[in-house]
Amino acid sequence: MARVRMTGKERREQLLDIGRALFAEKGFEATSIEEIAHRAGVSKPVVYEHFGGKEGLYAVVVDREMRNLLDRIVSALTGGHPRQLLEQAATALLDYIEDCTDGFRILVRDSPVASASGTFSSLLNDIASQVEHILGVQFDARGYEPKLAALYSQALVGMVALTGQWWLEVRKPKKDEVAAHLVNLAWKGLSHLEHKPQLRTRR
């Protein structure tokens with residue numbers, strides 16, 4: 001394969017694109033430096049020169065995807081009624097799954113990089129912290145305990161994320177319908193919260 005002359009920046013972006021596609025298709029373990037280099041039309045040392053190895057390339061791919069998704073959700077939370085905020089967050093995540101399917105597949109796999117920042121759960125925590133801030137303001141305004149906003153934000157983000165993983169594979173019903181049902185479940189529950197809920201099956 002003829003080697004295409006690229007600038008260092010162009011070559012780095014090419015390797016990231018190829019790595020992203022392979023990690024999404026095969027996962028981290030089944031992807032090799034040899035295959036990345038072969039698809040790029042370069043020797044293995046070129047990949048090592050840019051990223052220090054497969055782990056380095058993977059870490060950059062994951063970091064980019066995490067920032068992309070977090071930025072989308074944060075920018076989608078433009079305010080308004082709390083129900084609108086729920087709709088904005090759910091739709092932003094489902095939009096990302098639809099637009100960046102490869103990226104989402106990479107994020108939801110268990111990360112082999114020994115860093116807490118490289119896992120989907122840490123990303124969800126970042127998103128939940130954004131939602132927590134908004135929920136805290138709403139809880140306070142409505143006479144609920146603001147400290148519980150962290151618990152509710154984790155529950156809401158987790159519900160949307162797990163539903164998103166399921167929807168990634170089935171793609172039915174349509175995205176907006178999925179978002180509407182998620183919001184329906186969350187909102188109908190949130191709009192009738194008890195101030196001090198208790199389990200009824202415990203004595």
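The rules we used
- Residues numbered from 1 in each chain as written.
- Predicted model: local features only at pLDDT ≥ 70, side-chain atom pairs only at ≥ 80, totals over all residues.
- Heavy atoms only, no water.
- Helix = DSSP H or I, 4+ residues; strand = E, 2+ residues; numbered from the N terminus.
- Buried < 20%, exposed > 50% of the residue type's maximum accessible area, 1.4 Å probe, protein only.
- Contact = heavy atoms within 4.5 Å.
- Areas by Shrake-Rupley, 256 points an atom, 1.4 Å probe, with all protein chains shown as cover.
- Lys, Arg positive; Asp, Glu negative; His and termini not counted.
- Charge placed at Lys NZ, Arg CZ, Asp CG, Glu CD.
- Domains from an automatic or database assignment.
- Buried area = accessible area lost by both parts, 1.4 Å probe.
- Salt bridge = Lys/Arg side-chain N within 4 Å of Asp/Glu carboxyl O.
- Polar contact = N/O pair within 3.5 Å; in protein donor to acceptor, adjacent residues only side chain to side chain.
- Phe/Tyr/Trp six-rings, centres within 6.5 Å; stacked < 30°, edge-to-face > 60°.
- Lys NZ or Arg CZ within 6 Å of the ring centre and 35° of its normal.
- Expected span 1.5 Å × (residues − 1).
- UniProt positions renumbered as here; feature names shortened; annotations may be inferred.

1. With respect to the overall build of the chain
Each helix and strand in the chain was counted, giving nine helices and zero strands. Seen in sequence order, the chain has helices and strands lined up from the N terminus as α-α-α-α-α-α-α-α-α. In terms of overall dimensions, the chain has a C-alpha envelope of 70 × 35 × 35 Å along the principal axes. Counting every position in the chain, which comprises 203 residues, the buried fraction comes to 42%. Taking the intrachain contacts of the chain between residues at least 6 apart in sequence as the baseline, contacts between residues at least 24 apart amount to 66%. Here the chain displays about 11,800 Å² of accessible surface, and carbon together with sulfur accounts for 52% of that area. Taken together, the 27 basic and 26 acidic charged side chains of the chain have centroids lying 3 Å from each other.

2. Observations concerning the domain arrangement of the chain
Quoted interface sizes are often the accessible area lost when the parts come together. Entries for the chain in the domain assignment read domain 1 (8–55) and domain 2 (62–191). Listed as interface residues are twelve residues of domain 1 and, on the opposing side, ten residues of domain 2. Summing both partners gives a buried area of about 800 Å² for domain 1 against domain 2, and 54% of it is carried by carbon and sulfur. Glu 13 serves as the salt-bridge partner of Arg 64, at 2.7 Å between the closest nitrogen and oxygen. The interface formed by domain 1 and domain 2 holds two residue pairs in polar contact (both at pLDDT 80 or more) in total.

3. Re the packing of aromatic side chains
Any aromatic ring pair is given by two values, namely how distant the centres are and how the planes are angled relative to each other. Overall, the coordinates contain six aromatic pairs when judged by the stated rule. With a centroid separation of 6.0 Å and 25 degrees between ring planes, the pair formed by Phe 23 and Phe 28 is classed as stacked. When its relative accessible area of 10% is taken as the criterion, Phe 28 is described as buried. An angle of 75 degrees between the planes, with centres 6.3 Å apart, marks the rings of Tyr 96 and Phe 104 as edge-to-face. One aromatic cluster is present, built from ring pairs that chain together Phe 23, Phe 28 and Tyr 58. Positioned over the ring face of Trp 167 is Arg 171, at 5.1 Å from the centre of the ring.

4. Considering helix 8 (residues 149–170)
Its 22 residues give helix 8 an end-to-end C-alpha distance of 32 Å, which sits within 8% of 32 Å, the value for a rise of 1.5 Å per residue. Within the sequence span of helix 8, burial applies to Ala 149, Ser 153, Leu 156, Val 157, Val 160, Ala 161, Thr 163, Gly 164, Trp 167 and Leu 168. Residues of helix 8 that are buried make contact with helix 5 (82–99), helix 6 (101–108), helix 7 (120–141) and helix 9 (175–190). Positioned one or two residues after helix 8, Arg 171 has a phi angle of 55 degrees, which is positive.

5. Brief notes about the UniProt feature "DNA-binding region" (unreviewed entry) in the chain
Cross-referencing UniProt, the feature "DNA-binding region" (unreviewed entry) maps to residues 32–51 in the present numbering. Structurally, residues 32–51 is divided into 80% helix and 0% strand, and its ends, taken at the C-alpha atoms, are 14 Å apart.

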